[in-house]
Amino acid sequence: ARQVTYSVIATPSGSYYSSGITLWVSDQYTRAARGGTGAAKCGANYAAGLAAQAEAQERGCDQVLYLDSAGEGKLEESGTMNLCLVTSDGRLVTPALGTILEGVTRDSVLTLATDFGLVPEERAVTLDELRSRAQEGTITEVFAVGTAVVVTPVVAFKGDGYEFAIGNGTPGKQTMALREHVLDIQHGRAKDTYGWMRRVI
Ligand SMILES: *Cc1c(COP(=O)(O)O)cnc(C)c1O
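For clarity, every value in this text was computed on a predicted model and none was experimentally measured.

A short note on the nonpolar core
Counting 23 residues, the largest nonpolar core has L130, V142 and F157 as its most contacted members. Mapped onto this core, the elements with two or more residues apiece are β1 (21-25), β2 (63-67), β4 (82-87), α4 (127-136), β7 (139-146), β8 (150-159) and β9 (162-165). Apart from the residues lying within four places of it in its own chain, the contact partners of V142 are L83, C84, L85, L130, T152, P153, V154, F157, I166 and T175. Judged by nonpolar contacts, the second largest core, of 17 residues, contains C84, L110, L112 and A190.

Next comes the structure, spelled out in structure tokens:
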């Protein structure tokens with residue numbers, strides 16, 4: 001098309017997921033391949049995710065966790081949320097950009113990390129690392145971030161033939177502190193130190 005119409009529909013959204021979600025690790029579906037449109041918020045990405053989301057729901061999970069499409073077992077993200085991990089040595093780890101959506105909430109949380117005593121780290125994390133470090137207790141919290149879900153605790157993962165919890169399976173302290181802080185900035189209750197707020201009406 002030489003000419004396009006860009007339309008935005010805005011609706012209020014309720015707060016959901018805050019008591020902790022379980023992610024279904026899909027080994028059948030991937031979300032985005034290199035050279036594709038995974039980094040953009042464009043419609044086709046979401047149509048392609050519906051089958052995986054239905055599979056997650058059949059397995060009693062809330063959302064999907066996608067791994068990289070090259071089959072290297074690297075964590076990517078969820079259908080509409082980026083993924084973050086907190087380690088026992090004080091790091092906030094999130095998969096590096098490439099095929100994932102460059103979420104604004106991901107960016108905000110990376111910026112806020114140091115205020116919470118966490119060192120932000122963008123790098124590849126494999127499912128094997130997540131699983132073994134969750135079991136040995138050196139990955140202590142996992143959360144998902146996105147405009148709609150803000151910061152939402154991920155308390156467990158399930159895949160074909162296995163499942164494991166994060167920490168004791170309840171929302172983590174750093175997760176909830178970050179969530180409250182992002183909400184406080186959004187609602188004008190906390191100082192907007194980084195100049196993120198814009199008046200629209
Ligand atoms: C929207 C979205 C996110 C979160 O992005 P925000 O800018 O924080 O809302 C993460 N992953 C995917 C695939 C998304 O569509």
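Overview of the site of the ligand
Neighbouring the ligand are 16 residues; K41, Y46, E77, T105 and T147 lie closest to it. In the model, a nitrogen atom of the ligand is placed 3.5 Å from a nitrogen or oxygen of the M81 main chain. T105 has a polar side-chain atom sitting 2.6 Å from an oxygen atom of the ligand. Secondary-structure elements contributing two or more residues to the shell around the ligand are β3 (75-78), α3 (104-112) and β7. Here the residues of the shell around the ligand are counted per class, giving five nonpolar, eight polar and three charged.

A word on the packing of aromatic side chains
Under the defined criterion, the tally for this structure stands at three aromatic pairs. Both rings, one in F157 and one in F164, keep their centres 5.3 Å apart while their planes meet at 20 degrees; by these two values the pair is stacked. On the basis of relative accessibility, which here comes to 0%, the residue F157 falls in the buried class. Exposure remark for F164: the relative accessible area of 5% places this residue in the buried category. Taking 6.4 Å as the distance between ring centres and 15 degrees as the angle between the ring planes, the aromatic pair formed by Y162 and F164 counts as stacked. Put simply, the rings of F157, Y162 and F164 pair up and form one aromatic cluster.

Cut-offs applied
- Residues numbered from 1 in each chain as written.
- Predicted model: local features only at pLDDT ≥ 70, side-chain atom pairs only at ≥ 80, totals over all residues.
- Heavy atoms only, no water.
- Core = buried A, V, L, I, M, F, W, Y, C linked by side-chain atoms within 4.5 Å.
- Buried < 20%, exposed > 50% of the residue type's maximum accessible area, 1.4 Å probe, protein only.
- Helix = DSSP H or I, 4+ residues; strand = E, 2+ residues; numbered from the N terminus.
- Contact = heavy atoms within 4.5 Å.
- Near = heavy atom within 4 Å.
- Polar contact = N/O pair within 3.5 Å; in protein donor to acceptor, adjacent residues only side chain to side chain.
- Nonpolar A, V, L, I, M, F, W, Y, C, P; charged D, E, K, R; others polar.
- Phe/Tyr/Trp six-rings, centres within 6.5 Å; stacked < 30°, edge-to-face > 60°.

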